[in-house]
Amino acid sequence: MTVAAYVLGRRRSATTTGVSFHSLPGYYGSYVAIWCALPALALYCLWQLVEPGFIRTQVLATLPAATLELSEAELGLVYNDIRNLVEGNIVSGEPNDEILAAASRYTSLQRISNLGITLVVLLVGLTSLGWAFRRVEPGLRARNKVERTMEVVLMAASTVAIFTTIGIFLSVLFEALRFFQQVSPLEFLFGLSWSPQTAIREDQVGSSGAFGAVPLFAGTLLISGIAMLVAVPVGLMSAIYLSEYANSQVRSFAKPMLEVLAGIPTVVYGYFAALTVGPLLRQFGEGLGLGVSSESALGAGLVMGIMIIPFVSSLSDDVINAVPQELRDGSYGLGATQSETIRQVILPAALPGIVGGILLAASRAIGETMIVVMAAGLAANLTANPLEAVTTVTVQIVTLLVGDQEFDSAKTLAAFALGLLLFVTTLLLNIIALRVVRRYREQYE
Amino acid sequence: MSSRPRGVKERVAEGIARRYRRERNFRLAGLGAVLVGMTFLGFFFYTLIGNGYTAFLQTHIRLDVELSADVIDPDGERDVQALGRADYQGVIRNALRARFPDVTSRNDLRELFALVSPGAGFELRSDVLSDPELVGEALSLWVVADDDVDMLIKGHIDRAADESQRRISDSQLGWIEQLEADGSVSRRFNHRFFTSGDSRDPEMAGIWSAVVGSFFMLLVTLALSFPIGVATAIYLEEFAPKNRWTDLIEVNINNLAAVPSIVFGLLGLALFINIFGLPRSAPVVGGLVLTLMTLPVVIIAARAALMSVPPSIREAALGVGASKMQTIFHHVMPLAMPGMLTGTIIGMARALGESAPLLMIGMVAFIVDVPESPLDPATALPVQVYLWADSPERAFVERTSAAILVLLAFLLVMNATAILLRKRYERRW
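Novice: Teacher, can you tell me more about the overall build of chain A here?
Specialist: A tally of regular secondary structure across chain A gives 17 helices and two strands. Here chain A, with 445 residues, has 40% of them falling under the buried criterion. Restricting the contact set of chain A to residue pairs at least 6 apart, pairs at least 24 apart contribute 72%.

Structure, rendered in structure tokens:
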């Protein structure tokens with residue numbers, strides 16, 4: 001219909017000869033098409049939002065009074081049963097007559113609603129089409145109006161990023177707040193033991209779940225610390241070598257190679273850490289007489305370090321290249337060797353940028369999931385020994401949320417509390433890092 | 001007066017050897033760092049390919065299968081339903097029994113039947129269903145061997161080991177050696193790996209359903225992130241006034257690019273599944289989450305592409321009377337398009353390799369069927385890798401590596417396309 005509207009509007013302006021229109025014919029077509037589509041679309045979306053609530057009240061009205069006196073939660077269950085019945089899913093228990101009646105009411109209401117909305121949408125589309133079509137005349141400034149609409153659309157698109165951030169924050173925050181109603185934030189932040197379970201029966205063994213997240217922080221810090229110990233020297237030195245020493249042939253070969261490391265999916269690193277590096281370390285440890293856990297923090301940290309080498313190296317490469325050539329020339333002029341220049345002139349000058357890059361890499365290491373899920377342990381373990389298995393925040397989020405969930409138990413909600421913490425931590429790191437990098441860039445521009 | 005300069009000169013000369021040594025060491029350290037990265041890359045591909053290439057071949061056993069009509073189609077009507085119900089695994093068992101007539105005891109028979117995959121019957125069934133003429137004939141058929149047999153043939157099980165140490169018993173080993181002796185065991189191309197879905201039996205498991213799931217997901221991601229990303233970039237680059245609000249948007253975009261992917265998964269779970277009620281495990285939800293993740297990449301690339309179009313183009317268009325919108329859409333955008341596409345492809349490649357957020361929204365289910373629409377439950381290629389990596393069977397190790405190789409091949413193709421596109425249409429102004 002929208003296409004037809006476009007053709008109509010275009011034809012009306014194009015076939016009228018003798019008068020000169022304000023805009024090109026295409027704009028009149030778009031004008032009519034926009035008028036045809038937008039109101040109808042808006043109406044449809046509105047109805048989609050209102051429909052479930054409307055049908056719900058109508059259907060519940062048919063239920064007997066006794067059912068309606070149930071609590072809100074139980075009523076919700078009954079309503080779910082009705083919906084499951086309609087959609088042919090498995091229903092809890094044998095449906096009684098009232099439920100069946102309500103279900104048939106639900107079906108008929110849904111059909112009426114679908115039919116009705118189709119008709120109304122068509123009608124609205126046609127009406128606004130007709131109205132816009134009548135308005136197509138030489139004086140109409142169609143181009144300006146169409147362009148104004150497009151600008152609004154462009155602006156709307158740019159707000160998606162903001163809504164995403166708000167969405168992440170709110171969705172994680174709400175569930176986390178529900179978690180903190182059950183477990184005090186102090187216990188969560190400073191408790192030393194983590195065993196996320198909630199009792200089904202009061203007298204169950206191990207019914208007292210413990211939600212102290214300190215072991216998780218320690219594990220995360222341990223693994224990302226090891227990763228940074230690998231990534232920072234290697235990444236920084238390769239950036240220095242590639243930007244200061246290597247000739248263009250070596251550069252053009254080695255740089256893409258290092259970037260391949262950044263393009264490998266994290267799940268692949270995880271597989272590699274779990275099936276190759278873990279057993280290797282274990283064998284090596286046995287050779288030295290050390291007991292290395294096959295899910296040691298060392299294995300996960302090493303592989304994660306390899307993964308973030310390219311982040312460190314490409315960011316450092318950028319900042320090292322941004323250091324003005326005059327500084328180098330000045331240093332050489334005083335008789336310094338190349339390595340002395342690098343260590344005493346270039347690195348101090350580039351330091352803020354490098355620190356920013358390292359912070360960004362650290363935030364990536366903290367938030368990295370697949371490597372640790374596959375290669376680090378599951379049990380919370382408060383230790384600083386890199387040869388033992390530790391667990392991390394991200395591992396716990398995954399283990400708590402994969403599989404069946406109930407959204408009222410502290411166990412599931414704990415994952416969101418952890419997620420909130422992770423989000424806030426990485427956000428802070430990123431903001432600081434971006435600010436540092438930006439200030440540094442301005443310094444030399 | 002004359003002694004001091006000499007002193008300095010000597011001190012410098014004394015230090016020179018040390019300084020040159022340090023210079024050399026520093027340089028070597030840099031080279032070493034580069035080599036560390038490259039060595040890892042080499043080691044990584046070496047183990048992957050070494051582990052994975054065997055998965056593209058699969059051990060088959062030749063059996064003389066008799067599709068006797070009174071077993072498969074007792075009514076003789078060639079009715080599709082009747083043909084579908086017949087016991088094809090039994091047919092294959094009979095063939096095995098005929099091949100080794102001296103095996104009679106119950107336990108031995110069970111071990112004998114275990115040589116052939118439980119999926120072999122299904123394949124025979126689909127063969128017969130597609131060609132009912134086969135009924136009544138005796139065929140010489142290559143049937144799929146069990147994964148343990150496969151591992152033995154590929155040398156992952158040590159034949160010399162003690163019986164209790166391997167998953168193949170002595171008598172099974174004897175039969176296999178008999179079969180090998182008359183050339184009835186061969187390794188053939190493993191087409192199932194590319195055409196079937198997941199399975200609990202490694203020899204029947206394939207990546208096709210995961211590939212289709214990934215495809216649907218990327219489709220959703222592409223359909224949303226490209227228009228939204230380009231629109232955002234155009235607005236920010238061409239229209240937006242410089243004020244607090246646009247600053248906020250920019251900071252947001254940069255931050256989103258660095259938010260851990262698992263947090264996007266939490267958003268998907270809380271928002272799309274719990275509040276909007278979209279189905280769990282569906283590629284649509286995965287696509288939506290990945291859209292939010294790739295948007296910053298697309299936006300940043302598209303802005304860079306727009307920025308690289310010289311202002312003279314804009315001024316020329318405006319000068320001949322084009323409106324601002326016309327300038328951008330008719331002149332600037334076509335010139336910036338290769339850059340935008342390159343950025344989008346790179347974003348898509350990242351989305352393809354992402355798995356952490358998909359774990360959150362339930363795309364880790366065991367999916368055998370190939371999804372037919374973005375609303376069906378599905379899994380994605382990297383998630384399939386994750387699932388297989390967790391499986392205990394030895395045969396899944398090579399399949400995991402092979403799946404990774406396929407995933408890397410896809411990524412390679414995408415990135416190569418992006419690079420080609422950039423090379424082909426790169427313009428210097």
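The structure having been displayed, the exposition proceeds.
Novice: Whenever I open this one, the interface of chain B and chain A confuses me. Can you help?
Specialist: By a frequent convention, interface size equals the accessible area lost on bringing the separate parts together. With 63 residues of chain B in contact, the opposing surface of chain A contributes 67 residues. A per-element tally of the side of chain B that touches chain A places helix α1 (residues 3–52) of chain B first, with 17 residues. When grouped by side-chain class, the residues that make up the side of chain B that touches chain A number 45 nonpolar, 14 polar and four charged.

Novice: Explain the environment of Ala69(B) here, please?
Specialist: Within the secondary structure layout, Ala69(B) lies in helix α2 (residues 69–72). Taking the C-beta count within 10 Å as the criterion, Ala69(B) has 13 such neighbours and is therefore assigned partly exposed.

Novice: Which parts of the structure should I look at to understand the nonpolar core?
Specialist: One recurring pattern in soluble globular proteins: nonpolar side chains tend to sit buried together. In terms of nonpolar packing, the biggest core is built from 185 residues, with Val303(A), Ile371(A) and Val385(B) touching the most fellow members. With residues near it in sequence (within four places) discarded, Val385(B) still touches Val267(A), Val268(A), Tyr271(A), Thr400(B), Ala403(B), Ile404(B) and Leu407(B).

Novice: I'm lost on the environment of Ala362(A) in this one. Help?
Specialist: Residues and elements named next belong to chain A. Structurally, Ala362 is set in helix α14 (residues 338–367). Looking at Ala362, the number of C-beta atoms within 10 Å reads 24, which means it is buried. Ala362 sits 115 residues away from Asn247 along the chain, and the two C-alpha atoms are 30 Å apart. Discounting residues that sit within four places of it in the chain, Ala362 has contacts with Ser224, Met228 and Leu429.

Novice: Just to check I follow, could you spell out the sheet that holds strand β3 (residues 185–189) of chain B for this structure?
Specialist: Paired through their backbone hydrogen bonds, the strands of a sheet run either parallel or antiparallel. All names here are of chain B. Read from one edge to the other, the open sheet built from three strands follows the order β2-β1-β3, with strand pairing classed as antiparallel. Each edge of the open sheet is held by one strand with a lone partner, namely β2 (138–144) and β3. When the angles between neighbouring strand axes are averaged without regard to direction, this sheet yields 45 degrees. Judged from the seven bridges that link them, strand β1 (residues 57–66) and β2 form a sheet pairing that is antiparallel.

Novice: Just to check I follow, could you spell out the packing of helix α10 (residues 248–263) of chain A against helix α12 (residues 297–322) of chain A for this structure?
Specialist: The description of two helices packed together rests on the angle between their axes and the distance between the axes. Residue and element names in this part refer to chain A. Where α10 contacts α12, the two axes come as close as 8 Å, and the packing angle between them is 125 degrees. Our classification of the angle between α10 and α12 gives oblique. With respect to the hand of their crossing, α10 and α12 are arranged in left-handed fashion. Contact with α10, carried on its side by Leu258, Glu259, Leu261 and Ala262, involves Ile306, Met307, Ile309, Pro310, Phe311 and Ser313 of α12 and no other residues of that element. Looking at the contact of α10 with α12, its residues break down into eight nonpolar, one polar and one charged.

Novice: Sorry if this is basic, but what is going on with the domain arrangement of chain B here?
Specialist: Per the domain assignment, the segments making up chain B are domain 1 (59–188) and domain 2 (208–425). For domain 1 of chain B versus domain 2 of chain B, the separation of C-alpha centres amounts to 46 Å.

Novice: Even after reading the chapter, I still don't get the environment of Asn385(A), so can you show me in this structure?
Specialist: Inspection of the secondary structure puts Asn385(A) in the loop between α15 (370–375) and α16 (393–401). Taking the C-alpha atoms as reference, Asn385(A) lies 68 Å from Asn144(A); in sequence the two are 241 residues apart.

Thresholds, definitions, all that
- Residues numbered from 1 in each chain as written.
- Chains lettered and ligands numbered in written order.
- Predicted model: local features only at pLDDT ≥ 70, side-chain atom pairs only at ≥ 80, totals over all residues.
- Helix = DSSP H or I, 4+ residues; strand = E, 2+ residues; numbered from the N terminus.
- Buried ≥ 20, exposed ≤ 12 C-beta atoms within 10 Å, placed from the backbone.
- Contact = placed C-beta atoms within 7 Å.
- Nonpolar A, V, L, I, M, F, W, Y, C, P; charged D, E, K, R; others polar.
- Core = buried A, V, L, I, M, F, W, Y, C linked by C-beta atoms within 7 Å.
- Pairing = 2+ DSSP bridges.
- Axes fitted to C-alpha atoms, helices over the stretch in contact; angles between N-to-C directions.
- Parallel < 35°, antiparallel > 145°, perpendicular 65-115°, else oblique.
- Left-handed = near helix turned anticlockwise from the far one by under 90°.
- Domains from an automatic or database assignment.

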